[in-house]
Amino acid sequence: MDKSMKQKRTVPVTFAAGVSMAACFFVPALAAEEAEHHDPVMSEQAEMIEHDSDLFRSDPSYEDKSYDHEAQLQIYGGKSAVETTRPMLELGRHIYEDGPLQRSTSAWGEKNPVLHQFAIYGDWRTAYGYNDNGAAELGQLATRLNLDIDYKFTGTERLHALWRPLDQNGRFSRCELNGGNDDEGCVVEFNGRLSSLFFEGDLGAIVSGLSDEYTSWDLPFSFGLMPLLFQNGVWVEDAFTGFAFSIPAMNSPALDISNMDITFFAGFDKVSSGGVREINGAVADDDVNLFGVTAFIEANRGYWEMGYAYTDGQGRLDDQSYHNVSIAHTRRFGNTLSNSVRVISNFGQDRRGAVQTADGFLILVENSFITSRPLTYVPYVNFFAGFDRPQSLARDAGAGGVLKNTGINFETDGLTGFPKLDDSANNTWGGAIGVEYLFSLEQQIVVEFATVQVMEDLADRVARDDQYALGVRYQRPLSVSWIFRADAIAAHRKDDDDLYGVRMELRKKF
Amino acid sequence: MNKGTYGANALLDIKFFLFLSLLMLAFISAPVNSAEADDDSKDGDDPHAEVFASDDYPSASKCANCHKQIYDEWSSSSHAYAGISPMFHKFEQTINNLAPTIDTFCVRCHMSVSTTIGEPREMPLWERSQVSREGVTCISCHRVNAAYAKANGERRIEPGDIHQPVYGPIGGDGVEQVVAEKGSYRVATTPEERGNKIHTKGIKFEQLSQSEFCVSCHQVAVNLGIKLEVVWDQYRASPARAEGTTCQDCHMGKVPGVASGYATGAVADMAGKTVNENRKHSNHAFFGPGYPIAHPGIFPHNPEAQNWTMEDWLTFDYRAGWGTEDFEEQVDAEEIEVEFPEVWEDPGDREEAREIIEANFEKIEKRKEERLEVMENGSRLDGPFFSSTPALGESLSFHYTVTNTNKGHNLPSGSLGAQPEIWMNVALIDPDGNNVWESGYLDSHGDMADLHSLDVAAGTIEHDDQLFNLQTKFLTTNVKGTDREMYLPVNFDVDQLPFLRPAAQPVTVMNHPPFVRMEGRSIPPLGNRDAKFKVPAELMSKAGTYKLAVRLRSRAEPIYFMKFVGATADMEQAMNEWMVDIHPYSVEFEVKAKN
C-alpha cells in the first residue's frame, strides 16, 4: 500500500449509526481548507506532466448541424397557454396566479411576513364495481369526496384539513345495484367529521418573526390530527392526533452524508396499529400512544430510511405494547436495476399467555428494471416474506395492509370493495411481477401477477392457503380535470373462495 | 334512500367548528383580497390594467444611466439571464403541459416583473416589456421592502416610476446629496425635468445584505412540498453560516466564491461626477456556475443590440460566421451562396451585428473565467492514489479525492430543478499513446454513459460502470414498489394528471412529499469523497510510461433532460461548448514487470 495514500474508510451505516447522526452533525467539521490554488497531492509513483485535453475521448461533434432559426424562434415564440383547473374556492392570494402581490402584513413579525391564501380543492371519485370478495358478490355504484381545506398565512405556516363528507367508517355513499342485500338500495353516508386537521409551521421562522432576530436554525413542526406517510406508506400511513418535529437538512462531512433529516413524532389518539386490538379483534385507535423517531439519509449514491417507535397500549391494552423498528435502503444499480430493501421488525410484546398481535419481521425487496425507456416502461418484481405477525407502525383502516405497496393485487380501491390478496404478511411469502407502461406520461397500463404462499400452521396466519392473482389497471385523463380508470382482478385461493373484481371509475380533480 | 344513515354523524364535529372559527377570525382580522388590500389597486378594477398602462416598473436600462458598472456586471449574470434562458422557457412549457396546475410558479422567480404585471406565461418573449425580459432585474430586489423568507418567489415588487424610492443595503445619503445638488449632477427628479432621471430617495433595507434575502428564490419548493432549490438548507447547516459569512460575501465579493471582502468605489456616476468614492461595491455579476446558452445577439443584455428585434437576432446565423471578414469575403467572391433573411441582406448590418456578437462573446468568456474561478476556489482535486505499485499484467486500482473546500454549501448546489452536473472524467493512456480506458466519457449526444444515455440504451456504447457523478437525482415511486429516477419531480404513476396543490400531509416533517423525492449525491461543505477506479489487468499489457489525465466537468443541464423538454440542437451544442473543466491535470507513471 502506498504510504502517501490518503486513507478513508466508508463507515457502514447501521441503524445505530443513524440514530447517532444527530450527534455527528454537531461535531465540528473538518478543518477548513484555504480557498487557494494548490498542487494536487498524489501517490509518489505519479509525476505531474503538462496537461493535454486531447487525451480524453472527444465531446460530441456538431459539424453536420446547421443553424435552425425557425427552431430558435419557437423557443420564445412557440409557447402555448395550457388549460388548467382552479381550486373549488380561493380567497386571498390565489395559487400560482399572475398579477401583483398584495402587501404583506407583520402580524407574526417583520421577519415572517403574512400573506393569506385560502383554498378548497380535492377530488371526487365515483366508481361502479362488481366484486366477489369470496364472502359476497356485489355490484355497486359508490362515491367519495375528498375536500382539502388549506389556509396558508406565511411562507411556512398553514392550517390544513381534510373533510370527506360522503363516507364514514369505511362505508361510502353508494347504490347497491346487483347482488348483496337488495334492501340497501342507495345510501348516503354523510360525515361531518374532519379526517385531518393540523397546523404545520417552522419554529425557526416563527421565533425569527416574533423576536425580530433571525434564528440560526429551522425546526419544522406539526400538531393536530395529522396524516403521516413514511417509507412510501409501508411503515406509516395513518392520521393520528399528536405532534411531530424535524431537525432538517443536516449533513456530515465525516460520514459523507449529503443530506439528512431526523423527525420525532408522537401520537395520542386515533393511532391505528394492527398490533393493538380490542377484544372483538377491531383495531383499537384510542387508548394507544405512539412515540417514535425516523431518519432520512442521503448517502452512498442512494438513501436510507430508518425508524424506531414504541406503541404504548393504555389500560386494558397495556399487554399489547410493542417496539417497532424499520430500516430501508434504496438505490439504483448501473443501468439495470432500481432497488429498495426494507425490513420491519416488531418485538417486546408481552401478552401474558394470549396470542401475540405484533411480533416477527417482514422483509420487502422491491425491484424495477431500467429499460431503454426508463421513465415510461417499468417492469417490476417485488418480493416479501413475513414471519409471525409483522405490523406497520400505524395504518389507517382505509390504507390497506402492509403489503399495499407490493403490487396492485394487494390493494383495494377505497370505494367499491375491490378484492385483493391477503396483505397482512402474516406467515406468508410471495411477491408480484408486473409491468407498467405510461405511454407519453399521459396514460397508464399495468399488468401484474402476484402470489401469496403460506408458512406455518393455519392457526398462525390470516391466509388459509396459497393465493394467486392476475390484475390489470388502465388509467388516462379525459380532460384537465377528469380521469378515467379501470381495474380488474381474478384470483385463485386454495382452500378458499376465489376472488373476482372489475371496476370503472371517474374521478374529478379540482 | 336509507334515512337512518344520516344519524348523529350529520352533526358537525367540534374540531370542524373550531377550524371554521379560526378561519373566520383570520379573515375578519386581515385583508384577504388582493384588490382590497392593495392600496395601489383600484377597487373593482382589474389590478393588471393599471400596471400595464403605467411605467411603474422601470427597466434596468434606465438604472444604467447612473449605475453603469453595476449594469455591466449584471448584464451577463445569471439573474439577467433568468428570463432569456431557452432552457427555462422549454422546461416551463413542458412542465405546464404535463402538470398544468403549476401555472406561473416558475415565471414568478424567473421573470418577476412580467408575472407582476400580468403578462401571460406563454406570451412570446419579444412581445413582453423590456423590463420583463430582464429576468431578475434591478427592481426585482431593490423595490422589495418586506423581509420575505421561504416565500417561494412570491415577493411583492413595489410599483412606482423611476423617481420613487429604491431600497439598498446602506441608505440614501448619496442620493440625498445628489438630489440636493441636482443641477450640478444634471439629474432629473421629476418627469418634467431634464437630465438623467433618478430615484429621489434611497432607503436602507437591512435584509438585502443578509443571506435571508436570497432565500425566497434560492430555497424553493413547489406545491406538494417538492424542493427544487435547497441552497438555504445546505447553507443553514454550514460552517460559513456559523462564521457569519453571507451568500453575498462569496457571490458578490471581490473574489469569486471566496469571502475576501468587497471592492470599493462609487455606486453611481452622473455625467462624470460621483459621490461616496470608497463605498463598498457589491459585484452584481453574482458569481456562480451557471452559464448562458442563448443566442449571443439577445444575451448578454446589450443596449446596442436593440437596433434589431429579438426575432431579427434569432434569424442571424452566428455559427456560420455571418459578418466576419472571412465569411463576407466568400460571399463577395460568390464562393458561398447564402439566402439571407431580408433584415440581414445588407453586409454592413451583418458586420455591425457581428461586432455586437463578438462583444457579447467577450462577456460570456469573462463569465466563463469567473465561474471556473468559483468552481476551483470551492473545490480541490487530489490523486491519483494507487492501491499498490502499478505492475505489468495486473489490474490498476487507484482513486482521486474530491474535496468541497467551500464552507457555504454542498458541491454542487444551486438550482437542482435544472439537475446540474459535476462529474469526473479520467483517461488512461498507454505507452504507445493510446487511450485504453476512460470513465466519465460522453456519448454522441453529450450525456454520460449511464442509464440516461441513448447510446447505452441502444447498445452502441458501454455503460460506464465506474462513473463518479455528483448530480442530484429526482426520484418518483413506481406504481408499486421502489423508486426510479425521473426527469421531473412529479409522480405520474399515481395518475397522469398530477395536481400541484398544497399537500394533504405536513411534508416539512416528512423529508419529502409522498412518492416524490430528491436524492442528493453532492459533497457537504468541507467534506471529501473518493472516486475509485479499477482498470482491468488485460489493459495493462505494456511496460513503460502511462499517463492519467483527469478533470472535473461542470455542466448546467444534462442533455437527456434537454431532449426531454424539446431543446433545439443549437441549445445542446451551446450547453456542451460552454461547460468548464475544473482542475484538469495529467500525470505519468511507470509500469514495470513485477519482480
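Criteria and cut-off values
Residues numbered from 1 in each chain as written. Chains lettered and ligands numbered in written order. Predicted model: local features only at pLDDT ≥ 70, side-chain atom pairs only at ≥ 80, totals over all residues. Heavy atoms only, no water. Pairing = 2+ DSSP bridges. Helix = DSSP H or I, 4+ residues; strand = E, 2+ residues; numbered from the N terminus. Axes fitted to C-alpha atoms, helices over the stretch in contact; angles between N-to-C directions. Polar contact = N/O pair within 3.5 Å; in protein donor to acceptor, adjacent residues only side chain to side chain. Contact = heavy atoms within 4.5 Å. Buried < 20%, exposed > 50% of the residue type's maximum accessible area, 1.4 Å probe, protein only. Parallel < 35°, antiparallel > 145°, perpendicular 65-115°, else oblique. Left-handed = near helix turned anticlockwise from the far one by under 90°. Nonpolar A, V, L, I, M, F, W, Y, C, P; charged D, E, K, R; others polar.

Draft legend 1. The arrangement of the sheet that holds strand β15 (residues 473-477) of chain B in detail. Residues and elements named next belong to chain B. Spatially, the three strands line up as an open sheet ordered β16-β15-β17, and their pairing is antiparallel. On the outer flanks of this sheet lie β16 (483-485) and β17 (516-519), each paired with one strand and no other. Put simply, the sheet's adjacent strands are angled 35° from each other on average, direction ignored. Taken together, the three bridges between β15 and β16 define a ladder with antiparallel strand orientation. Within the sheet, the bridge partner assigned to L475 lies in β16 and is E485.

Draft legend 2. Region of the structure containing the side chain of B:H583. Residue and element names in this part refer to chain B. As for its placement among the helices and strands, H583 is situated in strand β20 (residues 580-591). Reaching out from H583, the side chain makes a polar contact with the side chain of S379 at a distance of 2.9 Å. Among all residues touching H583, those that are not within four sequence positions of it are M375, E376, S379, R380, L381, V550, R551 and L552.

Draft legend 3. Molecular detail of the environment of B:G168. Residue and element names in this part refer to chain B. Note on placement: G168 falls in strand β1 (residues 166-168). Between the C-alpha atom of G168 and that of Q207, which follows or precedes it by 39 residues, the distance is 9.1 Å. Apart from residues no more than four positions distant in its own chain, G168 is found in contact with H142, I203, K204, F205 and L208.

Draft legend 4. Quick look at the sheet that holds strand β1 (residues 47-49) of chain A. Taken together, the five strands give an open sheet; going across it, the order is β1(A)-β20(B)-β19(B)-β13(B)-β14(B), and neighbouring strands pair in antiparallel fashion. In this open sheet, the two edge strands, each paired with only one partner strand, are β1 of chain A together with β14 (435-439) of chain B. Adjacent strand axes in the sheet meet at a mean angle of 25°, parallel and antiparallel pairs treated alike. Bridge analysis of β1(A) against β20(B) gives three bridges, and the strand direction is antiparallel. Within the sheet, the bridge partner assigned to A:E47 lies in β20(B) and is B:E588. On top of the sheet, helix α20 (residues 347-377) of chain B reaches β13 (421-429), β19 (544-555) and β20 of chain B; it is set at about 60° to β20(B), its chief contact.

Draft legend 5. Seen up close, the pairing of strand β11 (residues 379-386) of chain B. All names here are of chain B. Most of β11 sits inside the fold, with eight of its eight residues counted as buried. When β11 meets strand β12 (residues 396-404), the two strands line up antiparallel, connected through six bridges. For D382, the partnering residue across the bridge sits in β12 and is T401.

Draft legend 6. Just the packing of helix α19 (residues 325-332) of chain B against α20(B), in detail. Residue and element names in this part refer to chain B. One can describe the packing of α19 onto α20 by two numbers: an axis separation of 11 Å at closest approach and a directional angle of 165°. Between α19 and α20, the angle falls in the class roughly antiparallel. Where α19 crosses over α20, the two elements pack in a sense that is right-handed. Facing α19, whose interface residues are F327, E328 and V331, α20 presents P347, R350 and E351. For the contact of α19 with α20, a count of residues per class yields three nonpolar, no polar and three charged.

Fair warning: the whole summary comes from geometry, so function is off the table for now.
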